Amino acid sequence: MSDPQRILAITACPTGIAHTFMAAENLEQAAQRLGHEIKVETHGSIGVENALTAEDIEQADAVVVAADKQVDLSRFAGKRVVTAPVADGIRRPGELIREALAAAPSAGAPRQESREDTRPGVGTTVYKALMNGVSHMIPFVVAGGLLLAVSLSLGGTPTPEGLVIPEDSFWYVISQVGVLAFTLMVPVLSGYIAYAIADRPGLAPGMIGGFIANTGALYGSESGAGFIGAIVTGFLAGYVALAIKKIPVHRYIAPIWPIIVIPVLTTLVVALLFVHVLGAPIAGAFAALTAFLAGLEGGSVILLGAVLGAMIAFDMGGPVNKTAFLFGGGLIAAGNAAPMGMVAAAIAVPPLGMGVATLLRRRYFTAQERESGIAALFMGFFGITEGAIPFAAARPLQVIPANMAGGTVAGAAAALLAVEDNVMHGGPIVAVLGAVENVAGFFVAIAAGLLVTVLTALFLLGLSARRNGHDDDAAAADGASAGAEDAPVGAGEREPVAVGPEGGSTAAAPGPAAAPGPSGAPAAASPGASPEEPAAARSGRRPTGSVLDHLSEDTVLLDVGGAGRDDVVRRLVELGAATGQVRDVDAVVAAALAREEQGTTGVGQGIAIPHAKAAEVAAPLIAFARSTEGVEWESMDGAPVHLVFLIAVPQEQAGDEHLRILATLSRALTRTEFRDALLGARSRAEVIRVLADRLG
């Protein structure tokens, strides 16, 4: 056996729940068997725990990164590094450790694993980079949009040039702060797309490229390239920086390579390419669009409304949108306010439509998107189309067609109903302030477009979810989730695990145990108990941060027989309904199964941990089921599932207690003796005792 080595590891998955901590536990056990010392940093939904220090990194012999989300790897320059999906941290932790120890030291960029079947595909890389940019952009959209909306509502005065806030007004200062936030929105999107691809060396070129895309004067465009240009510059900067990073350099140059050389060269390449190659075609395309619109005006007014509405909804504040907006606004001074009426109706449709969609089908959206949906409703009312950008950037193939369909209908309806808008602004706010002719027709046009957008978006999102989860996310193929949970809310640290050569076994999926005793039906709720009162509360237990705070004998099934996955989930949710922890069985089952569509919760070794957040959960629920025959769950290792823990929490619960419990449970379940004890338990009371003994 080789001399003990010091290994560092990072585990992370998009949701940061089960896979993150099971990979960490398996890596620790593998290091123990190999006789090495290891410290694992986990990036979970409860934050970064057991964070690696500069001293840890300095002393490390090798680094293993098992992650399906963006992790900053620049701190490991010069170390032996291997990266892999989080699923490999669960399935083959020993191989990852050996590969890391055998890798050559990196020269600023970590070694990517050579196995083709574990290398992220182009679609996965693009999706992750886009999501990274969108998640960082959203706060700027929300802050800027709401500040503009409030200032326009309370301090705006209707004029032929639009809603104007007097410069000596308090609300003018607030509006300018909102404008600054919107100005930063596009560069931030571009910068963090590049950061996801090339790490820190890509950040500055990406942000500078975003500013260039937003500054049309540099390449002959009045309106700029907007967020679509930011996506282009983000990917361009990211991949150019990544290519430069791969150039071998002398070790004396390596320290300044990512700090000076890569950012400067990448910025020059992106700037020159966008200004001299990409900018001119964009400007020409928009000039042609303006001429086309002028030709439609006066001939086919309904067609004009449909075209203007589609353009407004296409890029939501970007160059196409601005071309239509400037065309409509420019005709007000010529005495024709009808085109602006078409534009004003279409402006409100994308943000209002996506806001309503998040309320009607919450499970189709991440927690962050649902919050953005509320902001989008306000921004839509005040005529700020950018409120829909986070949704369009995240799911362009579903959201942009839905927005354009609704915008087309709204613009055509406004043309048909002879709506006129006498100020260069849109949204319901202009009607409230008295700037619209035919107010009833204006709201009918908005309502028609809104209905089309919502129905189309929900249809396309549902179709995508049924087919393969969230769009192009290939993480599901690795058994990882593609969704996003709540943002990290805490951090913690534990000591590194110093281990010797002896260690326990990590057997493969457990086989059926001896036949259990009578399973029994769950006990009925005690007489007089409120249906809204959870079992834990009725039992008089105090919350202690344990699994048993949310699980009791009433939520244990000893044998589910030959039931399938969906039936097992339903039976466990029904247990929660019997104890008062679940209000609506169908809704919670649907949420849990929607989560399964994003990526299996069968994490291997005969274990499944389905979980869901739903408003119909009255109190946190943990329910347990066991199957001696095994349940087909499409698990990561292909083995049937024998142990199932269902986690259900209220939608509005923003705390991290349930995530800590799930992390503890996930770690414990990687141990063979714990699984064997659960498989051998002959009564519900014995299951509870096993959990109490092992988890506290």
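Presented here is an overview of the structure given in this document. (Residues numbered from 1 in each chain as written. Predicted model: local features only at pLDDT ≥ 70, side-chain atom pairs only at ≥ 80, totals over all residues. Heavy atoms only, no water.)

## Section: the overall build of the protein chain
Rules: Where helices and strands are cited, they refer to DSSP runs of H or I of at least four residues and of E of at least two residues respectively, numbered from the N terminus. To sort residues, take the accessible area from a 1.4 Å probe on protein chains only and compare it with the maximum for the residue type: under 20% means buried, over 50% means exposed, and anything in between is partly exposed. By definition, residues are in contact when any of their heavy atoms lie within 4.5 Å. Exposure was quantified through the Shrake-Rupley algorithm and a 1.4 Å probe, taking into account, for residues, occlusion by the shown protein chains and nothing else.
Per the secondary structure count, the protein chain includes 23 helices and 16 strands. Taken over 696 residues, the protein chain has a buried fraction of 56%. By sequence separation, contacts in the protein chain at least 24 residues apart represent 74% of the contacts at least 6 residues apart. Summing over all exposed atoms, the protein chain offers an accessible surface of approximately 26700 Å²; the carbon and sulfur share of this is 61%.

## Considerations on the environment of V589
Relative to the helices and strands, V589 is located in helix α20 (residues 585-598). According to the relative accessible area criterion, V589 is buried, its value standing at 4%. On a C-alpha basis, the gap between V589 and L572 in space is 9.2 Å, while along the polypeptide they are 17 residues apart. V589 has contacts with V569, R570 and V573, leaving out every residue within four places of it along the chain.

## Things to note about the pairing of strand β14 (residues 611-614)
Along any regular strand, the residues point their side chains to alternate faces of the sheet. This is how the line gets drawn: The rule for pairing is simple: two strands pair if DSSP sees at least two bridges between them.
Alternating residues of β14 divide into H611 and K613 and A612 and A614, and every residue in both groups is buried. Two strands pair when backbone bridges link them, and β14 and strand β16 (residues 641-650) are joined in this way by 4 bridges, in the parallel orientation. From the neighbouring strand, A612 faces β16, where its bridge partner is A648.

## Focus: the side chain of K39
Selection criterion: Whenever two N or O atoms come within 3.5 Å, that pair is a polar contact, provided that in protein one can donate a hydrogen and the other can accept it, and provided that, for residues adjacent in sequence, both atoms are side-chain atoms.
Residue position: K39 is located in strand β2 (residues 37-44). A polar side-chain atom of K39 sits 2.7 Å from a polar atom in the side chain of D56.

## A closer look at unusual backbone geometry
Although it is not a glycine, A418 adopts a positive phi angle of roughly 55°. Within the secondary structure, A418 sits in the loop between α15 (396-416) and β9 (420-421). With a relative accessible area of 53%, A418 lands in the exposed category. Of note in the backbone geometry, N438 takes a positive phi value of approximately 65° without being a glycine. Looking at where N438 falls in the secondary structure, it is placed in the loop between β10 (436-437) and α17 (439-468).

## Notes on the packing of aromatic side chains
We count it as follows: In summary, the pairing rule links any two rings of Phe, Tyr or Trp, Trp by its six-membered ring, whose centres are within 6.5 Å, and it sorts them by plane angle into stacked for under 30 degrees, edge-to-face for over 60 and tilted for everything else.
The final tally for this structure, using the stated rule, is 7 aromatic pairs. Summarising the aromatic geometry, the rings of F170 and W171 are spaced 5.1 Å apart at their centres and angled 75° between planes, so their arrangement reads as edge-to-face. Here F442 and F443 contribute two aromatic rings whose centre-to-centre distance is 5.6 Å and whose plane-to-plane angle is 70°, an arrangement assigned as edge-to-face.

## Considering the packing of helix α10 (residues 301-315) against α15
Filter applied, for reference: Every axis in this analysis is a line fitted to C-alpha atoms, fitted for helices over the stretch in contact. Angles between the N-to-C directions lie between 0 and 180 degrees. Left-handed describes a crossing whose near helix is turned anticlockwise from the far helix through less than a right angle; right-handed describes the clockwise counterpart. Polarity classes work like this: nonpolar for Ala, Val, Leu, Ile, Met, Phe, Trp, Tyr, Cys and Pro, charged for Asp, Glu, Lys and Arg, and polar for all others, with Gly in that last group.
Contact pair α10 / α15: the axes reach a minimum separation of 6 Å and the direction vectors enclose 145°. Between α10 and α15 lies a crossing whose hand is right-handed. In contact with V301, I302, G305, A306, G309, A310, A313 and F314 of α10, α15 contributes I400, N403, M404, G407, T408, G411, A412, A415 and L416. Taken together, the residues of the contact of α10 with α15 sort by class into 11 nonpolar, 6 polar and no charged.

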